[in-house]
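Structure at a glance
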Amino acid sequence: MEKAKGKCDRIVLEALYNYVETILEDRVSLSPQDAHKKYKPPFNLDHLMNDAVRQDMDPWKHNVYSPLVLDVFHLVPGSHGGAPQQQLIERWQAVFVRETPIGGVRDVTGQLKAAYRHFSIFFRTLFCMLRVL
């Protein structure tokens, strides 16, 4: 059962990475030197993996069930030469809740496969939605 929990945590962590990278890739100008192609992209989502983003997400590597909040700001120039002010444009949140699996290890494996499929669909939807907004 512990092996299945570790697999679940890896899937959720990769989902969080993809979630943040997909949003930032569309909303923010990231440094191209930190980005590179993945050998085998998870969730069949072909986008650049960003090492700097993944390093910043180190706390989620230790606890994937911590809430994740991603704020996107617009810098508004200050009046009369004052300091620029941040204006919140978007807030993205992700929270994963661990549920107690019903059944044995075989059932957990089935649930992980289903979660992986759902993540794949979610990321395609997110990718399209970001292009529309």
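Residues numbered from 1 in each chain as written. Predicted model: local features only at pLDDT ≥ 70, side-chain atom pairs only at ≥ 80, totals over all residues. Heavy atoms only, no water.

1. A short note on the overall build of the protein chain
Across its full length, the protein chain holds four helices and four strands. Starting at the N terminus and walking to the C terminus, you meet the elements of the protein chain as α-β-β-α-α-β-β-α. Surface summary for the protein chain: the accessible area is close to 9200 Å², and the carbon and sulfur share equals 57%. (Helix = DSSP H or I, 4+ residues; strand = E, 2+ residues; numbered from the N terminus. Areas by Shrake-Rupley, 256 points an atom, 1.4 Å probe, with all protein chains shown as cover.)

2. With respect to the packing of aromatic side chains
On inspection of all chains with the given rule, the structure shows four aromatic pairs. Centre to centre, the rings of Phe96 and Phe119 are 5.5 Å apart; their planes meet at 65°, and the pair counts as edge-to-face. Highlighted residues: Phe96 in the loop between strand 4 (85–94) and helix 4 (105–132) and Phe119 in helix 4, separated in sequence by 23 residues. Its relative accessible area of 12% is what places Phe119 among the buried residues. On the basis of an interplanar angle of 25° and a centroid distance of 6.3 Å, the ring pair of Phe119 and Phe123 is categorised as stacked. Of the two residues, Phe119 and Phe123 are both situated in helix 4; the distance of four residues between them amounts to about one turn of the helix. Each residue in the set Tyr19, Phe96, Phe119, Phe122 and Phe123 is aromatic and connected to the rest through ring pairs, giving one cluster. Over the aromatic face of Phe127 sits the side chain of Arg131, whose NZ or CZ is 3.8 Å from the ring centroid. (Phe/Tyr/Trp six-rings, centres within 6.5 Å; stacked < 30°, edge-to-face > 60°. Buried < 20%, exposed > 50% of the residue type's maximum accessible area, 1.4 Å probe, protein only. Lys NZ or Arg CZ within 6 Å of the ring centre and 35° of its normal.)

3. Re the pattern of salt bridges
With the rule as written, the count across this model stands at six salt bridges. Linking Glu14 and Arg54 is a salt bridge whose minimum nitrogen-to-oxygen distance equals 2.9 Å. Of this pair, Glu14 sits in helix 1 (residues 2–27) while Arg54 sits in helix 2 (residues 51–56); the two residues are 40 residues apart in sequence, bridging distant segments of the chain. Note on accessibility: Glu14 and Arg54 belong to one class, buried. In this structure, Asp71 and Arg91 form a salt bridge, with 2.6 Å as the shortest nitrogen-oxygen distance. Placement of the pair is Asp71 in strand 3 (residues 68–76) and Arg91 in strand 4, with a sequence separation of 20 residues. By relative accessible area, which is 48% here, Arg91 ends up partly exposed. Connected through shared salt-bridge partners, Asp26, Arg27, Glu90 and Arg131 make up one network. (Salt bridge = Lys/Arg side-chain N within 4 Å of Asp/Glu carboxyl O.)

4. Comments concerning the confidence of the model for the protein chain
In this model, the protein chain carries an average pLDDT of 80, and 80% of its residues clear a pLDDT of 70 or more. Mean pLDDT values over the elements of the protein chain span from 62, in strand 1 (residues 35–36), up to 92, in helix 3 (residues 58–62). (pLDDT = per-residue confidence, 0-100.)

5. Details of the nonpolar core
Grouped together as the largest cluster of nonpolar side chains are 27 residues, with contacts concentrated most on Leu16, Tyr19, Val20 and Trp92. When residues of this core are traced back to their parent elements, those giving at least two are helix 1, strand 3, strand 4 and helix 4. Top contributing element to this core by residue count: helix 1, with eleven residues. (Core = buried A, V, L, I, M, F, W, Y, C linked by side-chain atoms within 4.5 Å.)

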